[in-house]
Amino acid sequence: MADGSVSVAEVETSFQKFAVHGDTKARGKEMNGKNFAKICKDCTIIDGKNVTTTDVDIVFSKVKAKSARVITFEQFNQALTELAPKRFKGKSKEESLQQLYSLIVGKEPANVGVTKVAKAAAVDRLTDTTKYTGAHKERFDESGKGKGKVGREDIPDASGYVGAYKGSGTYEEKVKEA
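Anyway, here's the lowdown on the structure attached to this text. Treat the numbers as computed from the prediction; the structure is a model and nothing was measured.

## Re the overall build of the chain
Counting its regular elements, the chain contains 9 helices and 2 strands. At 33 Å, the chain has a C-alpha radius of gyration far larger than the 16 Å of a compact globule built from 178 residues. On the principal axes, the C-alpha backbone points of the chain span a range of 110 × 40 × 30 Å. Of all 178 residues assigned to the chain, the portion counted as buried reaches 25%. Across the chain, the fraction of contacts at a sequence separation of at least 24, relative to all contacts at a separation of at least 6, is 52%. A total of about 12,900 Å² of accessible surface is found on the chain, and carbon and sulfur atoms cover 53% of it. Of the side-chain charges in the chain, 31 are positive and 25 negative, and the distance between the mean point of each set is 5 Å.

## A few points about helix α1 (residues 8-20)
If you check α1, its first and last C-alpha atoms are 19 Å apart, about what 13 residues at 1.5 Å a residue would give, namely 18 Å. For α1, the complete set of buried residues consists of Val-11, Ser-14, Phe-15, Phe-18 and Ala-19. An end-on view of α1 places all buried positions within 140 degrees of arc, on one side of the element. Residues of α1 that are buried in the fold lie against β1 (30-32), α2 (33-42), β2 (70-72), α4 (73-87) and α5 (93-104).

## Comments concerning the packing of α1 against α2
Packing of α1 against α2 leaves a shortest axis separation of 9 Å and a crossing angle of 125 degrees. The pairing of α1 with α2 is recorded here as oblique in orientation. Seen from above, α1 lies across α2 with right-handed handedness. In this structure, α1 uses Ser-14, Phe-15, Phe-18 and Ala-19 to contact α2, whose residues at the interface are Asn-35, Lys-38, Ile-39 and Asp-42.

## Things to note about the pattern of salt bridges
Across all of its chains, the model carries 6 salt bridges by this definition. Between Lys-131 and Asp-128 there is a salt bridge, and its shortest N-O distance comes to 3.3 Å. With relative accessibility at 26%, the residue Asp-128 sits in the partly exposed group.

About the cut-offs
Residues numbered from 1 in each chain as written. Predicted model: local features only at pLDDT ≥ 70, side-chain atom pairs only at ≥ 80, totals over all residues. Heavy atoms only, no water. Helix = DSSP H or I, 4+ residues; strand = E, 2+ residues; numbered from the N terminus. Rg over C-alpha atoms; globule rule 2.2 N^0.38 Å. Buried < 20%, exposed > 50% of the residue type's maximum accessible area, 1.4 Å probe, protein only. Contact = heavy atoms within 4.5 Å. Areas by Shrake-Rupley, 256 points an atom, 1.4 Å probe, with all protein chains shown as cover. Lys, Arg positive; Asp, Glu negative; His and termini not counted. Charge placed at Lys NZ, Arg CZ, Asp CG, Glu CD. Expected span 1.5 Å × (residues − 1). Arc of directions from axis to C-beta. Axes fitted to C-alpha atoms, helices over the stretch in contact; angles between N-to-C directions. Parallel < 35°, antiparallel > 145°, perpendicular 65-115°, else oblique. Left-handed = near helix turned anticlockwise from the far one by under 90°. Salt bridge = Lys/Arg side-chain N within 4 Å of Asp/Glu carboxyl O.

Shape is all these values report; function is a separate question.
Here it is, written out as structure tokens:
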């Protein structure tokens, strides 16, 4: 290989990383259309002028099998061969394909725009169980852990005694004595 050229194995490594992104069942051998668009976007193959998301979708549909929803690495290379002259106009096919490979090598799926967990003081105040008052306070124990059903509902006492009766549970003993 000449200087500046990229090996196909390095491109395949990036292909596998993007192929499994967002899909727990994926093995890295096949890539769906969403991940193909993602690799094109994250690796700046889509530049908005020469290559657009529409172009990427059309090329994906062209290289995949008729009834298939995924492409293999060989079909991925075929798609890149079609996209390379569009992305790098005025260069030979081989030269533009090598430049496209150099954009892809070493890249991993970016998690830009993923929602982060908000850690705000307001959320902390609202979820601090030590500051709860009234009926809400009864729903949590001293450690702040919820009591479950016991904290939410008045469970009726079906023992037969009046609620404030101090000698509950002593009837059996009195009957035995007599």
